[in-house]
Amino acid sequence: MTETLTGAQITVRLLERQGIRTVAGIPGGAILPIYDALGQSTAIHHVLARHEQGAGFMAQGMARVSGQPAVCLASSGPGATNLLTAIADAKLDSIPLVAITGQVPRAMIGTDAFQEVDTYGLTIPITKHNFLVTSAEELLEVIPRAFQIAASGRPGPVLVDIPKDVQTQAIEIGEWPEPGRALPAPAADPALIEQAAAMINAAERPILYLGGGVVHSGAASAAVDLAEKANLPTVMTLMALGAMPVDHPLSLGMLGMHGARYTNLALDECDLLIAVGARFDDRATGKVAAFCSKAKIIHIDIDPAELDKIKTAHISITADVSDALHQLLPAVAKNDRKNWGDRITALQAEFPFQMPGADDPRSHFGLIRTVAACLDNDAIIATDVGQHQMWVAQAYPLRRPRQWLTSGGLGTMGFGVPAAIGAALAEPQRTVVCFTGDGSILMNIQELVTAAEENVNVKIVLMDNASLGLVHQQQTLFYGERLFASQFKASPDFIKVAQGFGIAAVDLDAVANPCAALMEAIARPGPCLIRASIDAEQKVYPMVPPGAANRDMIGA
Amino acid sequence: MNAINRNELDALNRAVLEIDVNNHPGVMSHVIGLFSRRTYNVEGILCLPVGDGRQSRIWLLVNEDQRLPQMIKQAQKLEDVIAVRRHNANHAVFSELESFFQA
């Protein structure tokens, strides 16, 4: 049996067959046929963002909590350019995203038509792959393939640009293609696994270094099993937080620029670094030549281009890290590593992580710890980008993979609120907390009304220091205290702003009992903004100065 | 200014890359973009369809650089790249074209 459908209807049907149930986007002229078809779909819920970047980050939020590709939609021209930041962010953090954009009709491409921009050209360097669709038939191949590419190997964003006349072109459909799914990765080379196991067994001071790939590959429990069996002290990148519970006895927490001193010092002493799904990012390594300079390196990653890119490894294994860890586990010997464990304990005692004010809910650390005390491990924690992000990374007891949503690679201010909305849409049974700053929240503040419209269970904790805190910090420390363009002379009344957008708001500065007010605000279903003043002089410490070696940290 | 004579050119270490790709608009941008974003100059480009025209072969003449192995890995990751082969600079594909490039 055949049916006659337009390109727009085919697109929507393929999304339905793909299992997509929520999409975020904004319509416009060049994508109206798809919106017309989407309006007829009973399976897909469309979330109307207020800026396309918001739609992109909502899709990211969905993808980050579910691990499955999520979809955002935008029209041509400014709709597409507004998506670019969210797409680039997904590329750097390896998030599976399928962005669908409308384009001017084929005959008008290249004429500088109204709302025409070279979306294909613009997205080449920020996508894993992209398509400019030239016929309705092609959609049957391109849409499933977009999902397959987004989800396979190292995940990433894929853009599909669809001219308006392709959306309206009607064709007969006989058979539907299978939905696009992740292709299995090639298995790890058993000989290399054996060598790696021997190297781990022979090491006296090994450290396991987990990256975001461990979360993406669903390998967190395998990584913890390996660490426990071989007694491997374990560090995590910003992207991997939650892979091993931060209070696990083997956890050394986050490494790098704002890691604890004992963490970076332990890395400095290690004789073997086992990098799993990590890419030796400069924020993690500091000065590369001085990073783990005494160590041999085993590097396991699904993306062969990451191997030997920054540091040359002694053993490089291209594999899905989950598969590689499961192969490694039986080959690695139990080992109590008493001397190394004692040395780590001594480093922790001598160079502990300082959390001043942790008991005072009106301090930055105290606020984060109080929020954590109101929640269990089911909660999802999103952040924006800045000082608040680093403090949360340092102080929040993350214990579960996919609990933690943060813009790591691109470091995009404005990520937090829409990503939290997307997370809440994908997992409505959970409480989603978004820590943000007064600089970051203003970069996508319009999505507060989307949060109100969708009535998502998102609690926005606004740490307000009336500054661009990390800029303020760097100017103070490295630019002779010449503060310029980092302090806001005017600030909005965020309580009124939130209320104006239709969501509840609490000013912790104005309440007698901040703990009780926080508890109440977090327990009340639906979106809420919780504002607290933060001292602009507070720094994120300890800190590796830009370009310095990780052992040379400054501050507490 | 920035001009370098033929002898100097020859003195530089060069490499030739042979890249099999799917033949459709945009593939050249994908490949060349990998180089341009890293300010890695491509000295020579040749591209023609092969066989029935569904695939093309791109020949690139590039300077030897410590980044070249990473460039090859990045090129291999592209969806439309089927294979990348590396040759020495003395490969005939560019040297036989010299008569078309007299100043």
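This one's a predicted model, so the numbers in the text were calculated from it and none came from an experiment. (Residues numbered from 1 in each chain as written. Chains lettered and ligands numbered in written order. Predicted model: local features only at pLDDT ≥ 70, side-chain atom pairs only at ≥ 80, totals over all residues. Heavy atoms only, no water.)

### Section: the overall build of chain A
Heads up, the rule is: Elements are defined by DSSP. Helices are runs of H or I of four residues or more, strands are runs of E of two residues or more, and each kind is numbered from the N terminus. Atoms counted for the radius of gyration: C-alpha only. Globule rule: 2.2 Å times the number of residues to the power 0.38. Under the scheme applied here, a residue whose accessible area is under 20% of the maximum for its type counts as buried, over 50% as exposed, and between as partly exposed, the area being computed with a 1.4 Å probe on protein chains only. We call two residues contacting when some pair of their heavy atoms lies within 4.5 Å.
For chain A, the count of helices and strands is 22 helices and 20 strands. Relative to a compact globule of 556 residues, whose C-alpha radius of gyration would be 24 Å, chain A shows 24 Å and is just as compact. Considering only C-alpha atoms, chain A reaches an extent of 70 × 65 × 40 Å along its principal axes. Taking all 556 residues of chain A together, the buried fraction comes to 59%. Here the analysis covers contacts within chain A between residues at least 6 apart in sequence; of these, 75% occur between residues at least 24 apart.

### Considering the domain arrangement of chain A
Residues and elements named next belong to chain A. Quick note on the threshold: Segment limits for the domains were obtained from an automatic or database-derived domain assignment. Here the buried area means the combined drop in accessible surface, using a 1.4 Å probe, for two parts upon being joined, counting both sides. By definition, a salt bridge exists where a carboxyl oxygen of Asp or Glu is found within 4 Å of a side-chain nitrogen of Lys or Arg.
For chain A, the assigned domains are domain 1 (3-173), domain 2 (190-350) and domain 3 (364-533). At the junction of the two partners, domain 1 supplies 25 residues and domain 3 supplies 27 residues. Interface area for domain 1 against domain 3, summed over the two sides, is near 2,000 Å², with a carbon-plus-sulfur share of 63%. Viewed at the interface, domain 3 and domain 1 are joined by one salt bridge. A salt bridge links E453 to R50, with the nearest nitrogen and oxygen atoms 2.6 Å apart.

### So, the packing of aromatic side chains
Residue and element names in this part refer to chain A. Just so we agree on the cut-off: A pair of Phe, Tyr and Trp rings is counted when the ring centres sit within 6.5 Å of each other, with Trp represented by its six-membered ring. The angle between the planes then sorts it: under 30 degrees is stacked, over 60 is edge-to-face, the rest tilted.
The full count for this structure, using the stated rule, is seven aromatic pairs over all chains. Between F280 and F291 the ring centres are 6.1 Å apart and the planes differ by 85°, which places this aromatic pair in the edge-to-face class. A residue pair is termed long-range when its members are at least 10 positions apart, and F280 in the loop between β12 (272-276) and α12 (282-285) and F291 in the loop between α12 and β13 (296-301) qualify at eleven residues. The exposure class of F280 is buried, given its relative accessible area of 3%.

### As for the pairing of strand β20 (residues 528-533) of chain A
All names here are of chain A. The cut-off we apply is this: One requirement defines pairing of two strands: DSSP has to find at least two bridges between them.
Counted residue by residue, β20 has five buried out of six residues, so it is predominantly covered. Pairing geometry for strand β18 (residues 458-464) and β20, over six bridges, is parallel. By the bridge assignment for β20, V461 is matched with I530. In this structure, strand β19 (residues 504-507) lies alongside β20, joined through four bridges in parallel fashion. Its bridge partner lying in β20, V506 is registered against I530.

### A few points about the sheet that holds strand β4 (residues 81-88) of chain B
Residues and elements named next belong to chain B. The line we're drawing: Note on definitions: angles span 0 to 180 degrees between N-to-C directions of axes, and those axes are lines fitted to C-alpha atoms, for helices only across the stretch in contact.
Strand order in the open sheet made by the four strands is β2-β3-β1-β4, with antiparallel pairing throughout. If you trace the sheet from one side to the other, it starts and ends with β2 (42-50) and β4, each paired once. Put simply, the sheet's adjacent strands are angled 15° from each other on average, direction ignored. Of the strand pairs in this sheet, strand β1 (residues 14-22) and strand β3 (residues 55-63) are connected by nine bridges, and their pairing is antiparallel. What sits directly across from A15, in β3, is V62. Together, β1, β2, β3 and β4 form the strand contacts of helix α2 (residues 27-36), whose direction differs from that of β3 by roughly 20°. Running at roughly 155° to β4, helix α3 (residues 68-77) makes contact with β1, β3 and β4 of the sheet.

### Topic: the packing of helix α10 (residues 220-230) of chain A against helix α13 (residues 321-331) of chain A
Residue and element names in this part refer to chain A. What counts here: Every angle not falling under 35 degrees, over 145, or within 65 to 115 is termed oblique; those three ranges are roughly parallel, roughly antiparallel and roughly perpendicular. Working rule for handedness: look at the near helix, and if it is turned counterclockwise from the far one by less than a right angle, call the crossing left-handed; if clockwise, right-handed. Basically, the charged four are Asp, Glu, Lys and Arg, the nonpolar ten are Ala, Val, Leu, Ile, Met, Phe, Trp, Tyr, Cys and Pro, and anything else, Gly included, counts as polar.
Relative to each other, α10 and α13 sit at 20°, their axes nearing to 9 Å. On the basis of the axis angle, α10 is roughly parallel to α13. Between α10 and α13 lies a crossing of left-handed hand. Side by side, α10 and α13 meet where A222, A223, D225, L226 and K229 of the first sit next to L325, H326, L328, L329 and P330 of the second. Per-class residue counts for the contact of α10 with α13 are seven nonpolar, one polar and two charged.

### Things to note about the nonpolar core
All names here are of chain A. Under the convention used in this document: We define a nonpolar core as any set of buried Ala, Val, Leu, Ile, Met, Phe, Trp, Tyr and Cys residues linked to one another through side-chain atoms lying within 4.5 Å.
Grouped together as the largest cluster of nonpolar side chains are 73 residues, with contacts concentrated most on I381 and F435. In terms of residue count, α10 provides more of this core than any other element does, seven residues in total. Here this core spans two domains, and each of domain 2 (190-350) and domain 3 (364-533) adds at least three residues to it. Setting aside anything within four residues of it in sequence, one finds I381 in contact with L375, V392, Y396, L398, Q403, W404, L405, V433 and F435.

### Concerning the packing of helix α11 (residues 261-269) of chain A against helix α14 (residues 338-350) of chain A
All names here are of chain A. Interaxial distance between α11 and α14 falls to 9 Å at its minimum, and their mutual angle equals 145°. Where α11 crosses over α14, the handedness of that crossing is right-handed. Judged by residue contacts, Y262, L265, A266 and E269 of α11 engage W340, R343, I344, L347 and Q348 from α14.

### Digging into the interface of chain A and chain B
What counts is decided by this rule: What qualifies as a polar contact is a pair of N or O atoms within 3.5 Å, subject to a donor-acceptor requirement within protein and to the restriction that residues adjacent in sequence count only when both atoms come from side chains.
Contact with chain A, which involves 14 residues of that partner, is made by twelve residues of chain B. For the pair chain A and chain B, the two sides together bury roughly 990 Å², of which 51% comes from carbon and sulfur. Inspection of the chain A/chain B interface yields two salt bridges. Our count for the chain A to chain B interface comes out at six residue pairs in polar contact (both at pLDDT 80 or more). Residue assignment for the side of chain A that touches chain B shows that the elements contributing at least two residues are β6 (129-132) and α6 (136-151) of chain A.

### Looking at the side chain of B:E18
Residue and element names in this part refer to chain B. Assignment of secondary structure puts E18 in strand β1. Of the residues examined, E18 reaches a relative accessible area of 8% and is grouped as buried. Not counting the four nearest positions on each side in its chain, E18 is found in contact with R57, I58, W59, A83, V84, R85 and H87.

### Topic: the pairing of β1(B)
Residue and element names in this part refer to chain B. Where burial is concerned, most of β1 is hidden: eight out of the nine residues are buried. In the sheet, β1 pairs with β4 via seven bridges, with the strands oriented antiparallel. Following the sheet pairing, L17 is matched in β4 by R86.

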